[in-house]
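Residue-level listing of the chains:
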Amino acid sequence: MNNDLFINSAHVLVQNWELILAILTCVSWGTLLTFAALKKITGTQFTDAELAALALGGWPLPALIISALLLGLRFFIPDNFISIIAFALLAISAAFAVHAVWKLISPGVAIPVIVFLFFVFLRLGFPANAVLPPYFDSAMHYEIIQSLMRMDDVFITAPYYHRGYHIIVAAFTLVTHANPGQVMLLFGQIILAAIPLPIYFFVRRATNSNRAAFFGVTLAAFGWFMPAHAVNWGKYPALLSLLLIEFTLGAAFTKNRWLLALSAAASILIHSRAIIFLAIFGAAWILSAVPRNKRILFFALTGAMLGGLILLINQNQVIGLIFEPYGIWVTLLVGLLAASVFRSFPRLMLFSILASLLMLAGIFIPVSFAFSLLDRPIVEMALFLPLAFLGGLGATRLPRFAVTVLAAAIIIHAWAAYNFSPSDCCRLVSRDDVVTLDWMDKHLPANARIAIASTDLSLAASGASMEGIGTDAGTWVTSLTGRMVFALPYSKDFNLQSTHDMLCQQQVTHIYVGGLPHSFNSSFANLKPAWYQTIFFLPNARIVQMTGCD
Amino acid sequence: MKQKQIFIILGAIGIIFVLFWFAVLTLVIKNLRGSNEKSAESPVANVVMCDEDASGLCIVTFGANNLNRMVINFQLPNADYAPFYVKAMNRGTVSIYTCEVVESTPTSAYCTGVRTPLGETIDLEVYATDGDTLIARGSFLISAIALSTPISLPSETPGGEETPTVTPIASATPSPNGEVTPTPTLSKATNTPGSTSTPNTAYPNP
């Protein structure tokens, strides 16, 4: 399954080394600034390795601030000067940060950085087989990034409620003049590579054990399908927000209110549901301190959770889906390890279980008819956090060789079971599609209205669904061509008079027919030549023009 | 003592890491050298149909546009690939195909030119626009570009299951002599109408 991973990674690295280097420079700069701030605030309270691991979760904070600043400056300064200002700001702030920590730094800081770079290399194989970022979410993110770069309709494009990720990518793309799709793909993988690192901080803080901390990192990186599978959903803002949520939780240890507030605000700006996660972790922390007999409560909660889940999995398909990426063997191992060290960390165990339970509960708390406090995908993505933490704590008592063997087993298991390449589930765009979309952009009139294939997708535990979601590359029409789209069920019968009448009434001028199972059936154009005419054809994508409308 | 252990571990990880990167770089340089040597021996590359492991210039598919001109979909080895155009030879006539790179995906390009008769071989030569030098060539049998190929209606089975229909499309497989022969491809016929009763699940798991 992953035989070509290293070759793919090397290939992507060679093909995109300038862009990867630029992204890593941005990440290194953010990490350096965060590390320097943490070091100044905490002094010798934490080890450099702990701070470096935490700082690898905090780099989006300075990145967001400078990105917002650069985009804001575009209102007053020509674009050509923005890059110069960006480089100057980066260089000056980095120099200050280096000056501040130069004499205080120890070689320990390199350990998390080396691990991070190794993870980057592993994750870089993913874009080798991707034409554009996956799934329909990516098309929306692409469009928002483009609108931020154009600055023409920053405040009126899609009523989207969190834009932190888009601000960072838009500013980066502006400064580097890179291709936005490629930036999204590579940036996403680098976010993914950073996510496991802050776990080191939490486990190391709790256990004072390096091997337990690295075991936690191994679990977060390779233990389960998540969070890596989330890039297949184009959930880039949620992933970036998860990284900053980790940092915010770590910042709480520093007891610096400004850092905590700033980090929390940034994570919420990147993904508004971060506020729910932060509230859940806060509530779990407070609640875990209350009961005196934590052991009984822990086992009662664990029992209740398992029992409840077994019941719910049968009754509610959403809950079952959440646990699909969490394979039984690794999760069972984590459970056993955690139970074995309960006496040493009763509050932390309780905290983790409570946090997991509250996350799951969030799916069932409605905010409106269509939305609940948390949705299934985001809980699915975030559940690895308490699990990896529990696993890390559980490794404390194990002998060194056992930790090494278990970590190796987890990595081998990941290699054998998890796909490091794009999943077939979510690839909507083929090379025929990108050519067809490019042709549309260049040849169709600006006021063309394109019918695209769509479906309703269930999301919430209540059964509410997302309506009119693009099911093939048609979902990229607006993002890449700027033409208006009209979403229709992919099973629509275009041979019916009523369908043709409806399309005419809706002033649809063209129909995008992709090559996926959930694309429109392409045969209609040949069957009704009086109504439809194929004007562009490739085997996996075609454009059909509407005719016969009065 | 503990610090010493950390340094030893750090050193070990560092060495492994450096060795790993060294191996990767060696592999990359070796490949680059290999390809350079290859290109020194035969400067004109062979254009073939793309497969999963395609790394050089290759053809993804053939198609057609509204002016009944042929569209050739190319996959490029990298985003910085030199601008090029194509000369196509068929029945002794040479036609020029102009090519453009896809803006959103710079490793994709398509060339447009005269549509050749189906079932005939077309000899393609790819020239760099800058310097007009031949960079690649290949022969292909264009068998089916289904811009207006009539196909039969998908029949709906009583159980409502999807029925695949055979639709001739411009896919191709390379033959031993370097030419490309057509392959009929199964395309799925979706069920006709009726709104979907149960929505599919958003964000599918692997």
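Not measured: the values here are computed from a predicted model. (Residues numbered from 1 in each chain as written. Chains lettered and ligands numbered in written order. Predicted model: local features only at pLDDT ≥ 70, side-chain atom pairs only at ≥ 80, totals over all residues.)

**As for the overall build of chain B**
The test is simple: Working definition: helices are DSSP H or I runs of at least four residues, strands are E runs of at least two. Numbering for both runs from the N terminus. Any residue surrounded by 20 or more other C-beta atoms within 10 Å of its C-beta is treated as buried, while 12 or fewer makes it exposed and the intermediate range makes it partly exposed; C-beta atoms here are placed from the backbone.
Tallying secondary structure elements over chain B gives 1 helix and 14 strands in all. Counting the 206 residues in chain B, one finds 25% classified as buried.

**Looking at the overall build of chain A**
Selection rule: Here the radius of gyration uses the C-alpha set of atoms, whereas the globule reference equals 2.2 Å times the residue count to the power 0.38. Once C-beta atoms have been placed from the backbone, residue pairs whose C-beta atoms lie within 7 Å are recorded as contacts.
The helix and strand inventory of chain A stands at 25 helices and 6 strands. For 550 residues, the compact-globule estimate of 2.2 N^0.38 gives 24 Å, and the C-alpha radius of gyration of chain A, at 25 Å, lies within 12% of that figure. Seen through its principal axes, chain A has C-alpha atoms that stretch 75 × 60 × 45 Å. The proportion of buried residues among the 550 residues of chain A is 57%. Within chain A, contacts between residues separated by at least 24 positions form 78% of all contacts whose residues are at least 6 apart in sequence.

**Quick look at helix 9 (residues 180-194) of chain A**
Where we set the bar: What a helix is expected to span follows from its residue count: subtract one and scale by 1.5 Å.
The end-to-end C-alpha separation of helix 9 of chain A is 21 Å, in line with the 21 Å expected for 15 residues at 1.5 Å each. Extensive coverage of helix 9 of chain A is indicated by the burial of 14 of its 15 residues.

**Description of unusual backbone geometry**
Each neighbour pair has its own omega, and for Met226(A) with Pro227(A) the value is 5 degrees, a cis peptide bond. With respect to the secondary-structure elements, Pro227(A) resides in the loop between helix 11 (210-223) and helix 12 (236-254). Although it is not a glycine, His177(A) sits at a positive phi angle of roughly 60 degrees. Secondary-structure assignment places His177(A) in the loop between helix 8 (164-176) and helix 9. Its identity is not glycine, yet Asp132(B) carries a phi of approximately 55 degrees, on the positive side.

**Observations concerning the nonpolar core**
For clarity, the threshold we go by: In this description, a nonpolar core means buried residues of the types Ala, Val, Leu, Ile, Met, Phe, Trp, Tyr and Cys, linked to one another by C-beta atoms lying within 7 Å.
Among the nonpolar cores identified, the biggest contains 230 residues, and Leu239(A) and Ile72(B) are the most heavily contacted of them. Per element, the largest residue contribution to this core is 12 residues, and it comes from helix 2 (residues 17-42) of chain A. Among all residues touching Leu239(A), those that are not within four sequence positions of it are Gly188(A), Ile191(A), Leu192(A), Ile195(A), Pro227(A) and Ala230(A).

**Brief notes about the domain arrangement of chain A**
As a reminder of what qualifies: Note that the domain bounds were set by an automatic or database domain assignment.
Parsing chain A into structural domains produces domain 1 (129-424) and domain 2 (428-546). Taking only C-alpha atoms into account, the centre of domain 1 of chain A sits 35 Å from that of domain 2 of chain A.

**Some words on the environment of Gly391(A)**
All names here are of chain A. Counting through the fold element by element, Gly-391 comes out in helix 20 (residues 384-394). According to the C-beta neighbour criterion, Gly-391 is buried, with 30 such atoms within 10 Å. Residue contacts for Gly-391: discarding those within four places in its chain leaves Phe-215, Gly-216, Leu-219, Gly-223, Val-334 and Leu-337.

**Things to note about the packing of helix 14 (residues 274-287) of chain A against helix 18 (residues 346-362) of chain A**
Residue and element names in this part refer to chain A. So the rule is basically this: Under this scheme, a helix contributes an axis fitted over its contacting stretch, all axes are lines through C-alpha atoms, and angles between N-to-C directions fall in the 0 to 180 degree range. Should an angle lie under 35 degrees it is considered roughly parallel, over 145 roughly antiparallel, and from 65 to 115 roughly perpendicular; all remaining angles are considered oblique. Left-handed is the label given to a crossing in which the near helix is rotated counterclockwise from the far helix by less than a right angle, and right-handed is the label when the rotation is clockwise. The residue classification treats Ala, Val, Leu, Ile, Met, Phe, Trp, Tyr, Cys and Pro as nonpolar and Asp, Glu, Lys and Arg as charged. All others, Gly included, are polar.
Here helix 14 crosses helix 18 at 140 degrees, and the two axes come no closer than 8 Å. Regarding the angle of helix 14 to helix 18, the classification is oblique. Handedness of the crossing formed by helix 14 with helix 18: right-handed. Here helix 14 contributes Ile-276, Ile-280, Phe-281, Ala-283, Ala-284, Trp-285 and Leu-287 to the contact with helix 18, which in turn contributes Phe-351, Leu-354, Ala-355, Leu-358, Met-359 and Gly-362. Looking at the contact of helix 14 with helix 18 residue by residue, the classes come out as 12 nonpolar, 1 polar and no charged.

**Considering the pairing of strand 5 (residues 532-538) of chain A**
Counted only if it meets this: A pair of strands is labelled paired if DSSP reports no fewer than 2 bridges between them.
A large share of strand 5 of chain A lies buried, amounting to 6 of its 7 residues. By the bridge criterion, 6 bridges tie strand 5 of chain A to strand 6 (residues 541-546) of chain A in an arrangement that is antiparallel. When the sheet's bridge partners are listed, Phe537(A) is paired in strand 6 of chain A with Arg542(A). Connecting the antiparallel pair strand 5 of chain A and strand 6 of chain A is a turn made up of 2 residues. Pairing of strand 5 of chain A with strand 3 (residues 58-65) of chain B involves 2 bridges; the strand directions are antiparallel. Each bridged residue has a counterpart across the sheet, and for Phe536(A) the counterpart in strand 3 of chain B is Asn65(B).

**Thoughts on the packing of helix 12 of chain A against helix 14 of chain A**
Residue and element names in this part refer to chain A. Contact pair helix 12 / helix 14: the axes reach a minimum separation of 10 Å and the direction vectors enclose 35 degrees. The two elements helix 12 and helix 14 meet at a crossing, and its hand is right-handed. Here helix 12 contributes Ser-241, Ile-245, Thr-248 and Leu-249 to the contact with helix 14, which in turn contributes Ala-274, Phe-277, Leu-278 and Phe-281. For the contact of helix 12 with helix 14, the residue count by class is 6 nonpolar, 2 polar and no charged.

**Things to note about the pairing of strand 3 of chain B**
On any regular strand, side chains alternate: one points to one face of the sheet, the next to the other face. Residue and element names in this part refer to chain B. Among the 8 residues of strand 3, 8 are classified as buried, and the element is accordingly described as predominantly covered. Bridge count for strand 2 (residues 48-49) against strand 3 is 2 bridges, and the pairing is parallel. Across the sheet, residue Met-49 finds its bridge partner in strand 3, namely Ile-59. The pairing of strand 3 with strand 4 (residues 70-75) spans 6 bridges and is antiparallel. Considered in strand 4, the bridge of Phe-62 is made with Ile-72. Following strand 3, the chain reverses through 4 residues before pairing antiparallel with strand 4; Asn-68 in that reversal takes a positive phi of roughly 60 degrees.

**A few points about the environment of Leu122(A)**
All names here are of chain A. Among the secondary structure elements, Leu-122 is positioned in helix 6 (residues 110-123). Considering only alpha carbons, one finds Leu-122 and Leu-5, 117 residues apart in sequence, at a separation of 7.3 Å. What Leu-122 contacts, discounting residues up to four positions off in sequence, is Ser-9 and Phe-420.

**A look at the environment of Trp531(A)**
Tracing the sequence through the fold places Trp531(A) in the loop between helix 25 (524-527) and strand 5. Residues contacting Trp531(A), with those up to four places away along its chain left out, are His500(A), Thr547(A) and Gly548(A).

**Overview of the confidence of the model for chain B**
Residues and elements named next belong to chain B. To be explicit about the condition: Every residue is assigned a pLDDT by the predictor, reflecting its confidence on a scale from 0 to 100.
Looking at chain B as a whole, the pLDDT averages 69, with 52% of positions reaching at least 70. This model gives residues 149-197 a pLDDT under 50, and the stretch forms 100 contacts once residues within four places in sequence are excluded. The complex model carries a pTM of 0.85, and its ipTM stands at 0.84.

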